[in-house]
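Residues per chain are reported as follows:
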Amino acid sequence: MDSPRYQVPPQGMVDMVDAPAIPQIAVSPDNEWLVLMERPSLPALSELAQPVVGLAGIRINPRNNDQNRAGAATALRLL
């Protein structure tokens, strides 16, 4: 019996997964400025490998006391 092989999904699915994430937005208190925060669409493997501690439904990274997989913005745009 042949061993299972890695199967590549159709190109349309690859494009969908690799597409850039929709930017998050924040509005200034005076409603004058809008900040678009671009973030990576997929976390890095090194980020996924970090230890996690569960606390009241929140996953916390004990090395930096921050939420796990919070993801930093990679670019900011002001409008």
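Residues numbered from 1 in each chain as written. Predicted model: local features only at pLDDT ≥ 70, side-chain atom pairs only at ≥ 80, totals over all residues. Heavy atoms only, no water.

Our next topic: the overall build of the chain. Helix and strand content of the chain: two helices and six strands. For the chain, the α and β elements follow one another from N to C terminus as α-β-β-α-β-β-β-β. Expected size for 79 residues packed as a compact globule is a radius of gyration near 12 Å; at 18 Å, the chain overshoots this value by more than 25%. Projected onto its principal axes, the C-alpha coordinates of the chain cover approximately 65 × 35 × 20 Å. Per-residue burial over the chain gives 6% buried out of 79 residues. Taken as a whole, the chain presents about 7000 Å² of accessible surface, with 59% of it coming from carbon and sulfur. Charge-centre separation for the chain: the mean point of 6 positive side chains lies 9 Å from the mean point of 8 negative side chains. (Helix = DSSP H or I, 4+ residues; strand = E, 2+ residues; numbered from the N terminus. Rg over C-alpha atoms; globule rule 2.2 N^0.38 Å. Buried < 20%, exposed > 50% of the residue type's maximum accessible area, 1.4 Å probe, protein only. Areas by Shrake-Rupley, 256 points an atom, 1.4 Å probe, with all protein chains shown as cover. Lys, Arg positive; Asp, Glu negative; His and termini not counted. Charge placed at Lys NZ, Arg CZ, Asp CG, Glu CD.)

Quick look at the sheet that holds strand β4 (residues 58–61) now. Spatially, β3-β4-β5 is the arrangement adopted by the three strands of the open sheet, whose pairing is antiparallel. Lying at the two open borders of the sheet, with one neighbouring strand each, are β3 (53–55) and β5 (66–67). Across three bridges, the pairing between β3 and β4 is antiparallel. The residue bridging L55 from the neighbouring strand is I58, located in β4. (Pairing = 2+ DSSP bridges.)

With that out of the way, let us pick up the sheet that holds strand β1 (residues 24–27). Taken together, the three strands give an open sheet; going across it, the order is β1-β2-β6, and neighbouring strands pair in antiparallel fashion. The sheet is open, and its two borders are formed by β1 and β6 (75–78), each paired with just one other strand. For this sheet the average axis-to-axis angle between neighbouring strands, irrespective of direction, equals 20°. Bridge count between strand β2 (residues 34–38) and β6: four bridges; the pairing is antiparallel. Bridged to M37 within β6 is L76. (Axes fitted to C-alpha atoms, helices over the stretch in contact; angles between N-to-C directions.)

Summed over the entire model, instances satisfying the criterion amount to one salt bridge. R77 is paired through a salt bridge with E38; the nearest N and O atoms lie 3.3 Å apart. Of this pair, R77 sits in strand β6 while E38 sits in strand β2, placing them 39 residues apart in sequence. The partly exposed category is assigned to R77, whose relative accessible area is 42%. For E38, a relative accessible area of 28% corresponds to the partly exposed category. (Salt bridge = Lys/Arg side-chain N within 4 Å of Asp/Glu carboxyl O.)

A separate point is a nonpolar patch on the surface. Together, M13, M16, V17 and L42 give the surface a local cluster of nonpolar side chains, amounting to about 410 Å² of exposed area. Structurally, L42 can be placed in the loop between β2 and α2 (45–48). Of the residues examined, L42 reaches a relative accessible area of 49% and is grouped as partly exposed. (Patch = residues over 30% accessible without salt bridge, like charges linked within 9 Å, V, L, I, M, F, W, Y side chains within 5 Å.)

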